[in-house]
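# Survey of secondary and tertiary structure
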Amino acid sequence: MDYFSVFIQMLQAKGLIDNTIRSYKTYIKPYLEYLSSVAVAPENASWQAMRDYLSWIRLERNLSDRTINMIISYLQFFHMYILHKPWDRTQIPFRKFNVYLPFVPSRKEVLTFISSLEDPKARLAVSILYATGLRLDELCHLKCKDIISSSKKIHVSDSKNHQDRFVPMPDMIWQMILSYYHGLPVEMKPDTWLFTQQRSTCHPMDKQWLQKFILEHRSALGMSDKLTSHSFRHAYATHSYENGMDLLTLKTFLGHKSLNSTAIYVHLAASSLSKTVNPFEQIGGGFLG
């Protein structure tokens, strides 16, 4: 039995997006190879064999506890949907891990980064990330028809949570899109996808291309090595909250399933902290005078 092929078929049957399927494949394929190397068939793999695999891949790839938990969920899917066996959570418990606040570039850093981009495609792409809070995958799969100039909105149809949404499009972004489009040679003007591959308009832009471009530009500017393409989404959310956007509206624009995911920006916003009066300061004058 070709377990890997069946695994892919079940992921597709579940309706998972391509990016999620790639993540599953990244860790289940080496799991099957690991079992083959120790001469164990997948259907005969013991809980200890799975624990050994998790220990091996963690050391091999220097993975975090958060990533290990993700792999555990992938193994659970494989165990239940491919092998049709019950999953015992007491055999492979999820790991506890520290939760760290994401890196958020300042407004000045965002301005410096975008304004110094000379490549029109990269400049528009990063500008849209910051102006709308789109995920990188959503940006890459943005279609020309999703740009609604009449109402200054962008329709996000290929989202992580399979939920369509609309996000406001600043007029400056619309003007940048027009400038970008008219500046392209006829044979490279987009038809379906707003951003296409470098040498073909038949496929959407590879996210690796933009990720690499951002990392190289970050290094050239001497900026923090924590800055990634996703940092501009965090910056959009944090700066929007600082500007007065309420959390429910922000949750809608970001496409979050839970308000808990959006609430993190309360901790990241500088203004929300600076405007809060510490209760000690209200009473301190009574005995410090």
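Coordinates for the structure precede this section.
To start, this report covers the structure provided alongside it. Being a predicted model, the structure only gives us computed values, none of them experimental.

## Some thoughts on the overall build of the chain
- A tally of regular secondary structure across the chain gives 15 helices and 3 strands.
- Taken over the C-alpha atoms alone, the chain extends approximately 75 × 65 × 35 Å along its principal axes.
- A buried classification covers 39% of the 289 residues belonging to the chain.
- In the chain, once contacts between residues fewer than 6 apart in sequence are set aside, the share between residues at least 24 apart is 57%.
- As presented, the chain carries roughly 16,500 Å² of accessible surface, and 53% of it is formed by carbon and sulfur atoms.

## A word on the sheet that holds strand 1 (residues 147-148)
- Read from one edge of the open sheet, 3 strands run 1-2-3, paired in antiparallel fashion. Edge strands, defined here as strands with exactly one partner in the open sheet, are strand 1 and strand 3 (165-168).
- Pairing geometry for strand 1 and strand 2 (residues 153-156), over 2 bridges, is antiparallel. From the neighbouring strand, Ile147 faces strand 2, where its bridge partner is Ile154.

## Details of the pattern of salt bridges
- Summed over all chains, the structure comprises 7 salt bridges.
- Arg107 serves as the salt-bridge partner of Glu242, at 2.9 Å between the closest nitrogen and oxygen. Here Glu242, found in helix 10 (residues 231-242), pairs with Arg107, found in helix 5 (residues 107-115); they are 135 residues apart in sequence, far enough to count as distant.
- Relative accessible area serves as the criterion here: at 39%, Arg107 is assigned to the partly exposed category.
- Between Arg165 and Glu138 there is a salt bridge whose closest N-O contact spans 2.8 Å. With Arg165 in strand 3 and Glu138 in helix 7 (residues 136-140), this pair connects stretches of sequence that are 27 residues apart.

## Examining the nonpolar core
- Leu139, Ile177, Phe195 and Leu210 are the most contacted members of the largest nonpolar core, which totals 41 residues.
- The dominant element in this core, judged by the number of residues it contributes, is helix 6 (residues 120-132), at 6 residues.
- Look past the residues within four positions of Leu139 in its chain and what remains in contact with it is Ala125, Ile128, Leu129, Leu134, Phe195, Met205 and Leu210.
- Membership of the second largest hydrophobic core comes to 30 residues, among which are Ile21, Met50, Tyr74 and Leu83.

## Points about unusual backbone geometry
- The phi dihedral of Asn62 is positive, around 55 degrees, even though this residue is not glycine.
- The backbone of Lys152 shows a phi angle near 55 degrees, a positive value even though the residue is not glycine.
- Within the secondary structure layout, Lys152 lies in the loop between strand 1 and strand 2.
- Classification of Lys152 by relative accessible area gives partly exposed; the value is 28%.

## Some words on the environment of Leu83
- Inspection of the secondary structure puts Leu83 in the loop between helix 4 (65-82) and helix 5.
- Here the alpha-carbon distance between Leu83 and Glu216, two residues 133 residues apart in the chain, equals 44 Å.

## Concerning the side chain of Thr262
- Mapped onto the secondary structure, Thr262 falls in helix 12 (residues 259-268).
- Non-local contacts of Thr262, meaning those with residues more than four positions away in its chain, are made with Leu247, Leu250, Lys251, Leu254 and His256.

## Focus: the packing of aromatic side chains
- The full count for this structure, using the stated rule, is 18 aromatic pairs.
- Centre to centre, the rings of Tyr24 and Phe77 are 5.7 Å apart; their planes meet at 75 degrees, and the pair counts as edge-to-face. With a gap of 53 residues between them, Tyr24 in helix 2 (residues 18-37) and Phe77 in helix 4 connect regions that are remote in the sequence.
- Residue Tyr24 is classed as buried on the basis of its relative accessible area of 12%.
- Taking the relative accessible area as the measure of exposure, Phe77 reaches 6% and is therefore buried.

## Some words on the packing of helix 2 against helix 3 (residues 47-61)
- Contact geometry of helix 2 with helix 3 gives a least axis separation of 11 Å together with a crossing angle of 115 degrees. Read as a crossing pair, helix 2 and helix 3 show a hand that is right-handed. The residues of helix 3 that touch helix 2, namely those facing Thr26, Tyr27, Pro30, Tyr31, Tyr34 and Leu35, are Ala49, Met50, Asp52, Tyr53, Trp56, Ile57 and Arg61.
- In terms of residue class, the contact of helix 2 with helix 3 is made up of 10 nonpolar, 1 polar and 2 charged.

## Considerations on the environment of Tyr74
- Relative to the helices and strands, Tyr74 is located in helix 4.
- Here the alpha-carbon distance between Tyr74 and Leu101, two residues 27 residues apart in the chain, equals 25 Å.
- Leave out the neighbours within four places in its chain, and Tyr74 touches Ser23, Tyr24, Tyr27 and Ile28.

What counts, and at which threshold
Residues numbered from 1 in each chain as written. Predicted model: local features only at pLDDT ≥ 70, side-chain atom pairs only at ≥ 80, totals over all residues. Heavy atoms only, no water. Helix = DSSP H or I, 4+ residues; strand = E, 2+ residues; numbered from the N terminus. Buried < 20%, exposed > 50% of the residue type's maximum accessible area, 1.4 Å probe, protein only. Contact = heavy atoms within 4.5 Å. Areas by Shrake-Rupley, 256 points an atom, 1.4 Å probe, with all protein chains shown as cover. Pairing = 2+ DSSP bridges. Salt bridge = Lys/Arg side-chain N within 4 Å of Asp/Glu carboxyl O. Core = buried A, V, L, I, M, F, W, Y, C linked by side-chain atoms within 4.5 Å. Phe/Tyr/Trp six-rings, centres within 6.5 Å; stacked < 30°, edge-to-face > 60°. Axes fitted to C-alpha atoms, helices over the stretch in contact; angles between N-to-C directions. Left-handed = near helix turned anticlockwise from the far one by under 90°. Nonpolar A, V, L, I, M, F, W, Y, C, P; charged D, E, K, R; others polar.

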